[in-house]
Amino acid sequence: MTMLPAIHHKPVIRNVYRHLVAQRKHKKVAITACMRKIMTILKATVRDGRE
């Protein structure tokens with residue numbers, strides 16, 4: 001459920017979601033891919049010590 005606001009408000013996540021839906025992926029699959037994408041971004045942020 002937390003991905004739905006992220007899809008609406010975060011441009012990077014929104015673009016990933018729209019790209020996957022345009023490729024005719026199921027919406028739940030696209031949401032799951034967005035969850036993985038945001039986890040990757042968070043891990044890179046922690047690794048690099050950025051905010």
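### Considering the overall build of the protein
What the protein contains, in helices and strands, is 3 helices and 0 strands. Listing every helix and strand of the protein by position from the N terminus yields α-α-α. Principal-axis analysis of the C-alpha atoms places the extent of the protein at approximately 35 × 15 × 15 Å. Of the contacts made within the protein by residues no fewer than 6 positions apart, 39% connect residues no fewer than 24 positions apart.

### What to know about helix 2 (residues 11-22)
Here helix 2 spans 16 Å end to end across 12 residues, near enough to the 16 Å set by a 1.5 Å rise per residue. Residues of helix 2 that are buried include every one of Ile-13, Tyr-17 and Leu-20, and no others. End-on, the buried residues of helix 2 take up no more than an arc of 70 degrees, which puts them together on one face. Residues of helix 2 that are exposed and point over 90 degrees away from its buried face: Asn-15, Arg-18 and Ala-22. As for helix 2, its buried residues are in contact with helix 1 (3-9) and helix 3 (27-48). One or two steps after helix 2, the chain reaches Arg-24, where phi turns positive at roughly 65 degrees.

### Section: the confidence of the model for the protein
Looking at the protein, the pLDDT average stands at 94 and 100% of residues meet or exceed 70. The least confident element of the protein, judged by mean pLDDT, is helix 1 at 93; the most confident is helix 2 at 96.

What counts, and at which threshold
Residues numbered from 1 in each chain as written. Predicted model: local features only at pLDDT ≥ 70, side-chain atom pairs only at ≥ 80, totals over all residues. Heavy atoms only, no water. Helix = DSSP H or I, 4+ residues; strand = E, 2+ residues; numbered from the N terminus. Contact = heavy atoms within 4.5 Å. Expected span 1.5 Å × (residues − 1). Buried < 20%, exposed > 50% of the residue type's maximum accessible area, 1.4 Å probe, protein only. Arc of directions from axis to C-beta. pLDDT = per-residue confidence, 0-100.

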